[in-house]
Amino acid sequence: MKDTKMKVLTFLSAAVIGMGSIPAFGALAADTARVGDKLSVQSGSQSQHRGNCDGYSYEVWIDNTGGSGSMTLGSGGTFKAEWSATMTRGNFLARRGMSYDADKKKATTYDPIVLNYDAEYTASNQGNSRLCVYGWFRNPLVEYYIIEDWKNWNPSMDSNKNESKTVTIDGAAYEIFWLWHEGPTIDGGSARFKQYFSVRKNTRTSGSITVTDHFKAWANAGWDIGTLYEVALNAEGWESSGTANIKKLTMSNTPDSSVTGTTVSTEPEPTISYTPASGKGTSITDSFETTSTLWEGRGTNSVGLTKDFTHGGTQALYVTDREHSWNGFTATSDELVAGHEYSFEGYTAIKSTNYDKAGFTVGLQYDLNGKTNYDDITSASADSGKWAKLADDFTIPAGATNISLYIQTTYTENDQPSDIIPFFLDDVTLTDKSQATTTTTTTTTTTTTTTTTTTTTTTTTSTTTTTTTTETTSTTFVTDGNPLLANETSVKASANGSAKIDFSYPLGGTPKDLTFSVADESVAKVVYTSGNTATIQGIKAGKTTVTVSDGKHYPVTIEVEITAAEQVSSLRGDIDCDNDVGLSDAVAMAKAMAGKDIGLTAQGLHNGDLNNSGGIDDKDLTSLLSFLAGIIEKL
């Protein structure tokens, strides 16, 4: 998934073998499970089951960060997996397949290996997960994935991917690429190795996969292919929950015609009649009631005015034939001025028989300092047949050029049919909040009357009116109508890496919707603990300045120096003091016992002395390995 995962805990002892005089630590024995058995895993007790059943290998595993899951074995290669691992770094996997390690043959030399499967797969919107073919090569050591379906994220979205290209296998388009990865291996211990990926463009949960054709596609791309270790169908979840019911799984030399269908069955979408605009409009603000408009298509699409579905009035704007999620509407106008603050409001919708809802984004595109920027203003989602309101304030940065607004569905890098459906736009309003205001001041009219017995004199002062024009050019940061000030110029973080800063509001009021950032981008989260106090968490060692913004007004940089306190781990077993007890600590402990200099600190020595003997010995290592393997629950 997105982070390092430990898959086979039985390799823990192998990670330290050969480093010196180290006590033997027995490997976990393979299970002897039968068809119908439900194998449960839970962090801290039983974290893994593996073995062979009814002709197919199996493995179910969960990381020691928490959560629970199970794998129920069916006949042949079938199984059902359930998991709940939504906590930070929670990781679960379940897989069945075949081992080829005994053959010692190069993966591309096998007769066609065809994996036929039929699955029901669902997962939460939290975290990410995937349904895939999984395995390893040796010589060179490579971990591979053929991803058939996924939720929320997949490795093709990783900016570090290498040599990406599109190939056609089994009549479908796959993106192939590779990544460097460092973590546990099938040979025990941790190493840096390559991961090869094939990611299906149109996801599915049933069909036939000619696995060896993927090996050949990678070889044709110039990538090294080693001897085949295993081929398995894998359901995996990272910080997520879900189920995968593998109703059919066979491995043979030919496709199975009974599982060639895909999961996506769609009905015809509603027919929408629309007419291209007859001319260019004059304003971004538009109710689309005339035959012209300033709004036009962005990217590949068709745009027109329609009476078939509207938010208000008799017409709306419609976009169809989109190829990518960013294809939608755009508007460019002299109304958009660098340095000005605006208020935007508009309404978007879909009308679909196949998709329940869609997300929408309105954004600002501009050039600044030689770079084109795309800033999201606001986002919203709407159920099919209902309108979503997109509304928020935004400021165009000073010095920006080539300024335009755009509206699209939620951006994705790997577009699916649901990401490029047609949608509507109606009742757009743009207000320039930086326009000049006028103040009128009028003097009081005063009349004095003095009367005598002989003469009456009436004196009247003239009426004077003065008009003064002022412009709202101030960039003072305000929230809830009140200025924001920092009461402190220097604070020190606590041992858990958090710091508190007090803010005052001369005119009263409390913080609301504020966001914070620092010069080195080390702030992870801000929590308000009282009316005028913000707690900033995740600060690294060093000094920085804090910038605060409410997303609507000009941000203000508050010159506050924050120095993070040194954080020293006191976790039992954490010999390298990295605030985590893992395989690296077992390796470090073995090196220390072998007399190697690992830069062991006094705190690390204290953490590693599990039996309180005054030093690190074989009993400490045995206890640590037992904890990592789930044999004991705590150190």
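Given the structure is predicted, the values throughout are model-derived calculations rather than measurements.

### Section: unusual backbone geometry
For residues other than glycine, phi is negative in most cases, and the peptide bonds are mostly trans.
In step 1: Along the chain, Asn-139 connects to Pro-140 via a cis peptide bond; the corresponding omega equals 5 degrees.
In step 2: Position of Pro-140 among the secondary structure elements: in the loop between strand S8 (128–138) and strand S9 (142–151).
In step 3: Of note, Arg-89 is a non-glycine position whose phi angle comes to about 65 degrees, a positive value.
In step 4: With respect to the element layout, Arg-89 can be found in the loop between strand S5 (79–85) and strand S6 (91–99).
In step 5: Judged by its relative accessible area of 32%, Arg-89 falls in the partly exposed class.
In step 6: Of note in this structure, Lys-104 is not a glycine but carries a positive phi near 55 degrees.
In step 7: Looking at the element boundaries, Lys-104 is found in the loop between S6 and strand S7 (114–123).

### Let's talk about the sheet that holds S7
In step 1: The strand order across the open sheet formed by six strands is S1-S4-S5-S16-S7-S13, and the pairing between neighbours is antiparallel. On the outer flanks of this sheet lie strand S1 (38–42) and strand S13 (206–210), each paired with one strand and no other. Taken pair by pair, the neighbouring strands of this sheet meet at an average axis angle of 20 degrees, ignoring direction.
In step 2: Summarising the sheet, strand S4 (residues 68–73) and S5 pair through six bridges and their orientation is antiparallel. Its bridge partner lying in S5, Leu-73 is registered against Phe-79.

### Brief notes about the nonpolar core
In step 1: Among the nonpolar cores identified, the biggest contains 52 residues, and Phe-137, Trp-218 and Leu-228 are the most heavily contacted of them.
In step 2: Contacts of Leu-228, omitting those with residues within four sequence positions, involve Tyr-100, Asp-101, Lys-105, Ala-107, Tyr-110, Ile-113, Trp-136, Phe-137, Tyr-144 and Phe-215.
In step 3: Membership of the second largest hydrophobic core comes to 36 residues, among which are Phe-288, Phe-360, Leu-364 and Ile-396.

### What about helix H4 (residues 618–628)?
In step 1: Every buried residue belonging to H4 is among Asp-620, Leu-621, Leu-624, Leu-625, Ser-626 and Leu-628, and all of these are buried.
In step 2: In this fold, the buried residues of H4 make contact with helix H2 (583–593) and helix H3 (602–608).
In step 3: At the N-terminal end of H4, a side-chain oxygen is found 3.1 Å from the backbone nitrogen of Lys-619, two or three residues along, and the residue is Asp-617.

### Some points on the sheet that holds strand S17 (residues 296–298)
In step 1: What the five strands build is an open sheet, ordered S17-S20-S25-S22-S23; its pairing is antiparallel. Of all strands in the sheet, those with a lone pairing partner are S17 and strand S23 (371–383), marking the two edges. The sheet shows a mean angle of 30 degrees between the axes of neighbouring strands, direction not considered.
In step 2: Here strand S22 (residues 357–368) runs beside strand S25 (residues 401–409); their pairing, made up of seven bridges, is antiparallel. Along S25, the bridge assignment pairs Phe-360 with Thr-409.

### A short note on the pairing of S9
In step 1: With respect to burial, S9 is a largely interior element, nine of its 10 residues being buried.
In step 2: Here S8 hands over to S9 after three residues, with Asn-139 in that stretch at a positive phi of 55 degrees.
In step 3: The pairing of S9 with strand S12 (residues 190–200) spans six bridges and is classified as parallel. Bridging across to S12, Val-142 finds its partner in Lys-194.

### Section: the pattern of salt bridges
In step 1: Within the structure shown, the criterion is met by 13 salt bridges.
In step 2: In this structure, Arg-138 and Asp-101 form a salt bridge, with 2.8 Å as the shortest nitrogen-oxygen distance. One end of the pair, Arg-138, is in strand S8; the other, Asp-101, is in the loop between S6 and S7, with 37 residues separating them in the sequence. The same class applies to Arg-138 as to Asp-101, namely buried.
In step 3: With its nearest N and O atoms 3.3 Å apart, the salt bridge here joins Lys-247 to Glu-120. Of this pair, Lys-247 sits in strand S16 (residues 240–252) while Glu-120 sits in strand S7, and the two are 127 residues apart along the sequence.
In step 4: The exposure class assigned to Glu-120 is partly exposed, which follows from its relative accessible area of 43%.
In step 5: Taken together, the shared-partner salt bridges in this structure form one network comprising Asp-101, Lys-104, Arg-138 and Asp-187.

### Digging into the side chain of Thr-320
In step 1: By the secondary structure assignment, Thr-320 is in strand S19 (residues 316–320).
In step 2: Contacts of Thr-320, omitting those with residues within four sequence positions, involve Tyr-274, Asn-301, Ser-302 and Pro-422.

### Notes on the pairing of S8
In step 1: Counted residue by residue, S8 has 11 buried out of 11 residues, so it is predominantly covered.
In step 2: Across the two faces of S8 the burial is the same, with Asn-128, Arg-130, Cys-132, Tyr-134, Trp-136 and Arg-138 and Ser-129, Leu-131, Val-133, Gly-135 and Phe-137 all buried.
In step 3: Pairing geometry for S8 and strand S15 (residues 230–238), over seven bridges, is antiparallel. Within the sheet, the bridge partner assigned to Val-133 lies in S15 and is Leu-233.
In step 4: Pairing of S8 with S9 involves nine bridges; the strand directions are antiparallel. Residue pairing for S9: Phe-137 is matched across the bridge by Val-142.
In step 5: In this structure, S8 lies alongside strand S14 (residues 227–228), joined through two bridges in antiparallel fashion. Residue pairing for S14: Phe-137 is matched across the bridge by Leu-228.

### Looking at helix H1 (residues 211–220)
In step 1: When H1 is considered as a whole, its buried residues turn out to be Val-211, Thr-212, His-214, Phe-215, Ala-217 and Trp-218.
In step 2: Positive backbone phi, at 95 degrees, marks Gly-222, one or two positions downstream of H1.

### Some points on the confidence of the model for the chain
In step 1: Summarising the model, the chain shows a mean pLDDT of 78, and 72% of its residues fall at 70 or more.
In step 2: Ranking the elements of the chain by mean pLDDT puts strand S30 (residues 465–470) last, at 32, and S14 first, at 97.
In step 3: Every residue in residues 538–542 is under pLDDT 50, and counting partners more than four places away or in other chains gives 16 contacts.

### Considering the packing of aromatic side chains
In step 1: Evaluated as defined, the whole model comprises 25 aromatic pairs.
In step 2: On the numbers, 5.2 Å between centres and 70 degrees between planes, the contact of Phe-309 with Phe-424 is edge-to-face. With Phe-309 in the loop between strand S18 (302–306) and S19 and Phe-424 in strand S26 (residues 423–432), this residue pair connects regions lying 115 residues apart in the sequence.
In step 3: Using a relative accessible area of 13% as the deciding quantity, one classes Phe-309 as buried.
In step 4: Consider the rings of Phe-329 and Phe-423, whose centres lie 5.2 Å apart with planes at 80 degrees: the pair is edge-to-face. Here Phe-329 is found in strand S20 (residues 328–331), whereas its partner Phe-423 is found in strand S26, with 94 residues between them in sequence.
In step 5: On the basis of relative accessible area, Phe-423 is assigned to the buried category, the value being 0%.
In step 6: Every member of this aromatic cluster is reached through a ring pair, and the members are Phe-137, Tyr-144, Tyr-196, Phe-215, Trp-218 and Trp-223.
In step 7: Here Lys-161 stacks its cationic end above the ring of Phe-177, 5.5 Å away from the centre of that ring.
In step 8: Here the basic side chain of Arg-192 rests over the ring of Trp-180, its NZ or CZ set 4.1 Å away from the ring centre.

Cut-offs applied
Throughout this document, residue positions are counted from 1 along each chain, in the order its sequence is written. This being a predicted model, a pLDDT of at least 70 is required before a residue's local features are given, and a value of 80 or more before pairs of side-chain atoms are given or counted; all residues contribute to the totals for chains, interfaces and linings. Note that the side-chain values use all heavy atoms of the structure and ignore hydrogens as well as water. A run of H or I in DSSP counts as a helix once it spans at least four residues, and a run of E counts as a strand once it spans at least two, with each numbered from the N terminus. Throughout, exposure labels follow a simple rule: accessible area from a 1.4 Å probe, protein chains only, divided by the maximum for the residue type, with under 20% read as buried, over 50% as exposed, and the rest as partly exposed. Here, strands pair whenever DSSP counts at least two bridges between them. Orientation is described by lines fitted to C-alpha atoms, with helices fitted over the stretch in contact, and by angles between N-to-C directions that extend from 0 to 180 degrees. For our purposes a nonpolar core is just a set of buried Ala, Val, Leu, Ile, Met, Phe, Trp, Tyr and Cys residues, chained together by side-chain atoms within 4.5 Å. Residue contacts are defined here by distance: any two heavy atoms, one from each residue, within 4.5 Å place the two residues in contact. Within 3.5 Å is the distance limit for a polar contact, defined as a pair of N or O atoms, with the added protein rule that one can donate a hydrogen and the other accept it, and that residues adjacent in sequence qualify only through two side-chain atoms. Salt bridges are defined as contacts in which a side-chain nitrogen from Lys or Arg sits within 4 Å of a carboxyl oxygen from Asp or Glu. Known as pLDDT, the predictor's per-residue confidence is scaled from 0 to 100. Pairing of aromatic side chains requires ring centres within 6.5 Å, counting the rings of Phe and Tyr and the six-membered ring of Trp. Pairs whose planes differ by under 30 degrees are stacked, by over 60 edge-to-face, and all others tilted. Comment: the charge-over-ring label is applied if NZ (Lys) or CZ (Arg) is within 6 Å of the ring centre and within 35 degrees of the ring normal.

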